[in-house]
Every structure is written in structure tokens, then in C-alpha cells.
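# Understanding the architecture of this molecule
So the chains spell out like this:
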Amino acid sequence: MRSIARVLLAPAVGSLFLWMIVPLAMTIYFSVIRYNLMEPGEHAFVGLENFRYFITDPSFATAIVNTLLLLGSVILITVVLGILIALLVNEPFPGQGIVRVLLISPFFVMPTVNALLWKHMMMNPIYGVLAQVWRAFGLTPIDWLSDWPLLSVIIMVAWQWLPFAILIFITSLQGMNREQLEAARMDGATWFQQFRFLVLPHLARSIAVVVMIEMIFLLSVFAEISTTTAGGPGDASTNIAYLIFKQALLGFDVGVASAGALFAVLLANIAAAFLIRLVGKNMER
Amino acid sequence: MDFTTETGARVALAIRSAAAWLVALILFFPILFMLVTSFKTELQAIAVPSIWIFAPTLDNFTHVQERSDYLLYAKNSLITSVVSTIVGLLIAAPAAYSMAFFPGKRTKQILMWMLSTKMMPAVGALVPVYVIAQSLHLLDTTFALVVVFMLSNLPLMVWMLYSHFKDIPPEILEAARMDGASLLTEFRHVILPLAMGGIASTGLLCLVLAWNEAFWSLNLTAAHAGTLAALIASYSSPEGLFWAKLSAASVLAIAPIVVFGWFSQKQLVQGLTFGAVK
């Protein structure tokens, strides 16, 4: 039995191991040589030169801050609004089914469509929908992508992931013990007390799941940036993923990009270690 | 206001419904706007204030097909997402089965390690994967995309299937084994029927993720194996200024998967939460 179990496990473990180790080994190798696609010739060993270059690049600090800001704000927005909206649509009301379908839809919109839709039709400072709304209130329309590039990207990504959070919280709320809530209400618990002491603890596990899944996908947001702001203006909306991409495919500097990639892997591992703790605790059954 | 009386309760319900509908319409509005714009002429599309009543035209949709061979990209999207999902399930299911029913000392560690590979940002592997694909002449092929999609979804697949297999009571398996069922019979006649829901939700989720995947499709493909995600990115400029055509292309790109998602949302939740939220 043991050996059969191992045979069954082998393809998955083997292919994932290759998928991890081959790129990693190559990245480590590239990161210590001079390797620029525009400068053919020898790939001289340069030691940690590429790392130094990547880390002292002024864009680097900006990119880290942007990555964390993007991650943190989107998680915060989706969890808070997600819980509120899930509570709002949880009890039956006319058209509940349709409302749920409408709410979940943005999650299935692919990132490139999401990006172009918001960039042009929503955020265009002259013709865009938001500009029309601003004007309706007598305000001067905002040039979102030029003046608030990172915020624009956060809005797009949050719009995509809010439905996901809502969906998970709705599912979790439906498993709540109604009698307990009823009893609390009888005892005169206010809405806020019910929320604080019954609903929120019940949602703890699903909040952990939302945070974990979003972290996996948000650390490497790419399409929303590359199709809208291209990281700009300047580095205002460049995250780590996009910075590495810029070095590799736009700057043709494979060496520096690889050093950056190793850094991203390190960052991901720190996040992973942190998350696995969190989730490990929450998912024990 | 007193919400305990009957009129009070009715007023409360009305307020709650109105609020729920308002929120839903706000979140759905961008999609609705895009859908409506795809039936406008370019002039109507950028009219300020926006026009909502007009004679719809299908010109934009025919333009999209003529300009960029929508059907080719749609075919690529369909092939890459379906094939990568099926192959992924064939590799992930035995592994999940093995770990769920024959757990060893290192099972937990292996599971955590698999999840940690998913945390690696794709961009970290971009250059090596690009170089490998280039040297094997696999750039801009559906084959390369299938392999990459499959591998990047594999950790999630194993995790989800594992948690669903874990829900099957081991007693049932023991009973089957007592009756002398072989491993294959056991898998086919006991596990497969019991875990069908879990397998379906895993497959559905990976299908959606692969269909919407943008990073690898943008970086590994060009005119030949491009998926819909890459096609839309090519509209970023200068056609981005032509809202009606951009909208038509976008609607065509997302319609299949959005409709698909509506019908399978329940299964998707189960999948995405590893069955941890019920």
C-alpha cells in the first residue's frame, strides 16, 4: 500500500518540484552574471552586483511600498465591505437571487478587460462615467490614472475581489446558528452586540480564507497595471512584479531582473510562512 | 421607527431590499455600461451625458471578428483552459487520494510546500520559463500555455481535492476493502461518486482561473496561441479610444465565463475555500 501511495503521489510532486527548482536554479544563475539581451557577449560572473543594482534602484523602495499598499488596501476594502454587503443580502428579500448574480459577476471578468473597462469607460476624465458623476455634483472631474494611479489600480482590483469576499461571507453566514441569534435578540442584545459577539467570531475562519487566497493572487497583480498605467507615471503605480517585468522585458537586463525575482520569491516566502501559521490554526479540524 | 409592528417590518424590508439592489447595481454597473456600449456607434459611445436609448447595432461585433479573428483566440482560450484543467485533475486526483487516505509522516509538509509554490509570484519564473520555451521553440504555442496553466493551478487542485477526499469517512473505504475491492474499483465506485461534487468544483475553479489568466498569456504568446486575455490587451491602444469596439471585444471575451460562473457559483465557493467554509 505504501508504495502504491508513493506512485500516485509522484507525478504531482515531481512536476511541481521541477516547476519550482528549474526556474529557481536558472534565476539564481542569471542573478550572478552580467546578462543583458541587448549586449551580446560573455556572461561574466559579477557576484552580487545585480542585487546591489536592483536594491539601490530608487524604484525598488517605491515598488515595495506600492506592493504592500495594494495588498493591504484591497484586503481591507474587500473584507470590510464584503461583510457588510453579505449581511445586507443574507436575509430573504424580493429579487435576492438576481442581486446575488449581479454581485458576483465582476469576479469572472478577466483582469485585462477589467483594466480597460475602468481605464476608458469609468475613469476617463472627459467622457468617463465617474467624470459625469463628479460633474453632476458640481465637482471638477478627477484625472484618475494620472493623478491617483495607485488608487485607481486599487479600485480596479478591489472591484474584482469584493464579489469573491461577499460570496464566501454569504456562504459562511448561512451556516450560522439562528436560534443563538434569536436568543440574543430576546435578551435584548443590540445589533452591534450581536454582530460583535456572534457574527464576527463565526466569520473568523472565512476571513482567514479570504485573506489567504487574496494574498496569493494580489502579491503578483500584473495585468491591471500593465494595461492601464504601465507602472506610471514614473513609478507611482509600479509594484514588485511589474518592476521585475520592466527590468527583464523592457530593460532587457536579465541579470538584474533575476536578482529582483529572487527578492520577490523571498518576499513571497515570508508572506507564505506568516499565512501558513494563520491558516494552519484556522483550518485544523 | 418601531420595526416590531407589521407596518414597521414591511418598511424595514423595503429599505433593506432597496439598499441591497442599489449596492448590486453599483457593483454591476461597469459591466452593464460595457454591454450597452457594445451596441452603440462610436459617436454614441462617447456622448456626454451617456445615451441609454438608441437603435442598437451589431457592427462592432462583426468588426472584432474581422480585425482580429476573435474565433481563433476564443478557440485558444477554450483549449488551454479545458485541457490544462483535465490534465491537472488527472495528476492532482491520485496525489490527493494518496495523501488523504494513506497519510505519511510528511504529508502535511508536502501539502504546505505545494501551497508555498503557489505563493511564488509568476514573475519570479518569467525569465527562465521564457528562455526554456524559446530554446524548445515553444513560444507562442498552446502547448506551452497548457503546461504552464496546469502547473500553476496544480497546488490549488491538490489542496481542494485533498480537503474533499478528507470528508469521505474512512469506514466506507474499509468496508469496500473488506469486500475485496481493488484500488481501482475502490476509486471508481466508492470515492469518485462520493467526491464528484468536490472534483467538479475544483475543475470549475481552475477553468475560470485559466480562462482569465493574463500574465503568462501576455508574455508567452503572440498572434498564434494568444488567448482572449491577450487579445483584449492588444485593444489597449490605440483602439482603446474606440469604446464601442473595445466593448464588443470585451463582451465577447467575458460572456462565456461570466455566464458559466453564474451557473456554478455554489460549487466555486466550495472549491475556493478548500471546503473550509460551509
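Residues numbered from 1 in each chain as written. Chains lettered and ligands numbered in written order. Predicted model: local features only at pLDDT ≥ 70, side-chain atom pairs only at ≥ 80, totals over all residues.

If you tally the helices and strands in chain B, you get twelve helices and zero strands. Ordered by position in the sequence, the α and β elements of chain B form the string α-α-α-α-α-α-α-α-α-α-α-α. Its C-alpha radius of gyration of 24 Å places chain B more than 25% over the 19 Å reference for a compact globule of 278 residues. Along the longest, intermediate and shortest principal axes, the C-alpha atoms of chain B span 75 × 70 × 30 Å. Within chain B, the proportion of its 278 residues that are buried is 48%. (Helix = DSSP H or I, 4+ residues; strand = E, 2+ residues; numbered from the N terminus. Rg over C-alpha atoms; globule rule 2.2 N^0.38 Å. Buried ≥ 20, exposed ≤ 12 C-beta atoms within 10 Å, placed from the backbone.)

This brings us to the overall build of chain A. When its secondary structure is counted, chain A shows 13 helices and zero strands. Start at the N end of chain A and walk to the C end: the helices and strands fall as α-α-α-α-α-α-α-α-α-α-α-α-α. Its C-alpha atoms put chain A at 80 × 70 × 30 Å along the principal axes. A burial count over chain A gives 45% of its 285 residues as buried. Taking contacts inside chain A between residues at least 6 apart in sequence as the whole, the part at least 24 apart equals 69%. (Contact = placed C-beta atoms within 7 Å.)

What follows is about the domain arrangement of chain B. Residue and element names in this part refer to chain B. One can read the domain layout of chain B as domain 1 (6-59) and domain 2 (61-272). Placing the centre of domain 1 and that of domain 2 at their C-alpha centroids yields a distance of 32 Å. In this assembly, eleven residues from domain 1 lie in contact with ten residues from domain 2. Of all elements in the fold, only helix 1 (6-37) and helix 2 (42-45) reach the threshold of two or more residues within the side of domain 1 that touches domain 2. (Domains from an automatic or database assignment.)

Let us now look at the environment of Ile142 of chain A. Residue and element names in this part refer to chain A. Checked against the element boundaries, Ile142 lands in the loop between helix 6 (129-136) and helix 7 (144-147). The class for Ile142 is partly exposed, based on 17 C-beta atoms found within 10 Å. Placed 16 residues apart in sequence, Ile142 and Ile126 show a C-alpha to C-alpha distance of 9.1 Å. In contact with Ile142, not counting residues within four places along its chain, are Pro125, Trp134, Asp147 and Trp148.

Quick look at the nonpolar core now. Grouped together as the largest cluster of nonpolar side chains are 169 residues, with contacts concentrated most on Ala92, Ala96 and Val158 of chain B. Other than its neighbours up to four places away in sequence, Ala96 of chain B contacts Val158, Leu161, Tyr162 and Phe165 of chain B. (Core = buried A, V, L, I, M, F, W, Y, C linked by C-beta atoms within 7 Å.)

All names here are of chain B. Topologically, Ser234 is positioned in the loop between helix 11 (228-233) and helix 12 (243-272). Look at Ser234 and you get partly exposed, because 18 C-beta atoms sit within 10 Å. Measuring from C-alpha to C-alpha, the distance between Ser234 and Leu218 comes to 9.4 Å, with 16 residues separating the pair along the chain.

To continue, consider the interface of chain A and chain B. Facing the 78 residues of chain A at the interface are 78 residues of chain B. Here the side of chain A that touches chain B takes 16 residues from helix 1 (residues 2-31) of chain A, the largest share from any one element. Taken together, the residues that form the side of chain A that touches chain B break down as 61 nonpolar, 16 polar and one charged. (Nonpolar A, V, L, I, M, F, W, Y, C, P; charged D, E, K, R; others polar.)

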